[in-house]
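Each chain is listed here by its residues.
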Amino acid sequence: MSGLVGSITAISNEYNDLDSKNTIKGIKTANYLEGKINEAELKRSTIKTIEEPAEELDTEKLAEKIQDDMTR
């Protein structure tokens, strides 16, 4: 797996492998891993906005369509 789902799965496995008696290390690791998840989510949302370019309108064709609709 790759991407966000793979990252969350890997992080979950890493966190579950911690010793349950070491609370301080668990808290530190959880904070670190939460930061990694937030980074992955931000990167994913940034990539989505970059990949979806705004649709450009051909104003001449649009004007022709409006004129055709008005003359009908």
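Note that the coordinates shown come from a computational prediction; the quantities given were computed from them, not determined experimentally.

1. What to know about the overall build of the protein chain
Each helix and strand in the protein chain was counted, giving three helices and zero strands. Listed by position from the N terminus, the elements making up the protein chain come as α-α-α. When the 72 residues of the protein chain are sorted by exposure, 8% land in the buried category. For the protein chain, the exposed area adds up to about 6,700 Å²; of that, 53% sits on carbon and sulfur atoms.

2. Digging into a nonpolar patch on the surface
On the surface, Leu-57, Leu-62, Ile-66 and Met-70 cluster together into a nonpolar patch covering about 440 Å² of accessible area. Within the element layout of this structure, Leu-57 appears in the loop between helix 2 (23–51) and helix 3 (59–71). Given the relative accessible area of 64%, Leu-57 is considered exposed.

3. Things to note about a negative patch on the surface
On the surface, Asp-58, Glu-60, Glu-64, Asp-68 and Asp-69 cluster together into a negatively charged patch. You can see Asp-68 is positioned in helix 3. Overall, Asp-68 belongs to the partly exposed group, its relative accessible area being 43%.

4. Digging into the environment of Asn-16
In this fold, Asn-16 is placed in helix 1 (residues 3–16). For Asn-16, a relative accessible area of 57% gives the class exposed. Each C-alpha atom, one on Asn-16 and one on Gly-26, is 9.4 Å from the other, the two residues being 10 residues apart in sequence.

5. Some remarks on the environment of Ser-7
Structurally, Ser-7 is set in helix 1. In this structure, the C-alpha to C-alpha distance between Ser-7 and Lys-36, residues 29 residues apart in sequence, is 8.4 Å.

6. Concerning the side chain of Thr-29
Position of Thr-29 among the secondary structure elements: in helix 2. Judged by its relative accessible area of 13%, Thr-29 is buried. Other than its neighbours up to four places away in sequence, Thr-29 contacts Glu-14, Tyr-15 and Leu-18.

Scoring rules and cut-offs
Residue numbers here run from 1 along each chain, matching the order of that chain's written sequence. Local features in this predicted model are restricted to residues of pLDDT 70 or higher, and side-chain atom pairs are both shown and tallied only at a pLDDT of 80 or more, whereas totals for entire chains, interfaces and linings draw on every residue. Just so you know, side-chain values use all the structure's heavy atoms and leave hydrogens and water out. Secondary structure elements follow DSSP: runs of H or I of four or more residues count as helices, runs of E of two or more count as strands, with numbering from the N terminus. Remark: exposure states derive from per-residue accessible area (1.4 Å probe, protein chains only) relative to the maximum for the residue type, with buried under 20%, exposed over 50%, and partly exposed in between. The method behind every accessible area is Shrake-Rupley, applied with a 1.4 Å probe, and residues are considered shielded solely by the protein chains displayed. Patch construction takes residues with relative accessible area above 30% that form no salt bridge. Like charges are linked within 9 Å, and nonpolar side chains (Val, Leu, Ile, Met, Phe, Trp, Tyr) are linked within 5 Å. When a carboxyl oxygen of Asp or Glu lies within 4 Å of a side-chain nitrogen of Lys or Arg, that pair is called a salt bridge. Charge assignment in this entry is limited to Lys and Arg as positive and Asp and Glu as negative, and neither His nor the chain termini are counted. Charged groups are reduced to one reference atom each: NZ for lysine, CZ for arginine, CG for aspartic acid, CD for glutamic acid. Working rule for contacts: check all heavy atoms of both residues, and any pair within 4.5 Å makes them a contact.

Worth remembering: the numbers are spatial, not functional.
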